[in-house]
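Chain by chain, the residues:
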Amino acid sequence: MRKANDKSLKEAIEQMLNVYKIKRKFDETAIVTLWPDIVGKSVANRTKELFIKDKKLFLRIESSVIKHELVMMREQIIQKINDFVKTELVADIVFL
């Protein structure tokens, strides 16, 4: 029998992340971990560096062809990332 103030485990974890102000860092880490699922394994294998800072996703890609494709798909990648975390985590992509 549930009490009125009972929460699901998901709600409790989200509340804890918000209270300790680490939700943004948690989401950033999740994006780095799930990068192969977002762009595919072939692109992820050629990604040498990936980090998020100040709502910018920084990428170092070893293949100029793949880098050009990602430049063309910039908006779709940003949308996919933000949809995944349900907030605006990334506003721009910077290629190093």
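Computed from a predicted structure; not experimentally measured. (Residues numbered from 1 in each chain as written. Predicted model: local features only at pLDDT ≥ 70, side-chain atom pairs only at ≥ 80, totals over all residues. Heavy atoms only, no water.)

*Asks:* Summarise the pattern of salt bridges; cite the residues concerned and give the values.
*Replies:* On inspection of all chains with the given rule, the structure shows six salt bridges. A salt bridge links Glu-28 to Lys-25; the shortest N-O distance between them is 3.8 Å. With Glu-28 and Lys-25 both in helix 2 (residues 23–33) and three residues apart, this pair spans about one turn of that helix. Given a relative accessible area of 11%, Glu-28 falls into the buried group. Judged by its relative accessible area of 54%, Lys-25 falls in the exposed class. The network of salt bridges with shared partners includes Arg-24, Lys-25 and Glu-28. (Salt bridge = Lys/Arg side-chain N within 4 Å of Asp/Glu carboxyl O. Helix = DSSP H or I, 4+ residues; strand = E, 2+ residues; numbered from the N terminus. Buried < 20%, exposed > 50% of the residue type's maximum accessible area, 1.4 Å probe, protein only.)

*Asks:* Give me the lowdown on the nonpolar core, citing residues and values where you can.
*Replies:* Core analysis: the largest hydrophobic core is formed by 21 residues, its most contacted members being Trp-35, Leu-57, Leu-59, Leu-70 and Ile-81. When residues of this core are traced back to their parent elements, those giving at least two are helix 3 (35–39), helix 4 (41–45), strand 1 (47–53), strand 2 (56–61), helix 5 (64–72), helix 6 (74–85) and strand 3 (92–95). The greatest single-element share of this core, amounting to four residues, is contributed by helix 6. In contact with Ile-81, other than residues within four places in its own chain, are Ile-31, Trp-35, Ile-38, Leu-57, Leu-89 and Val-90. (Core = buried A, V, L, I, M, F, W, Y, C linked by side-chain atoms within 4.5 Å. Contact = heavy atoms within 4.5 Å.)

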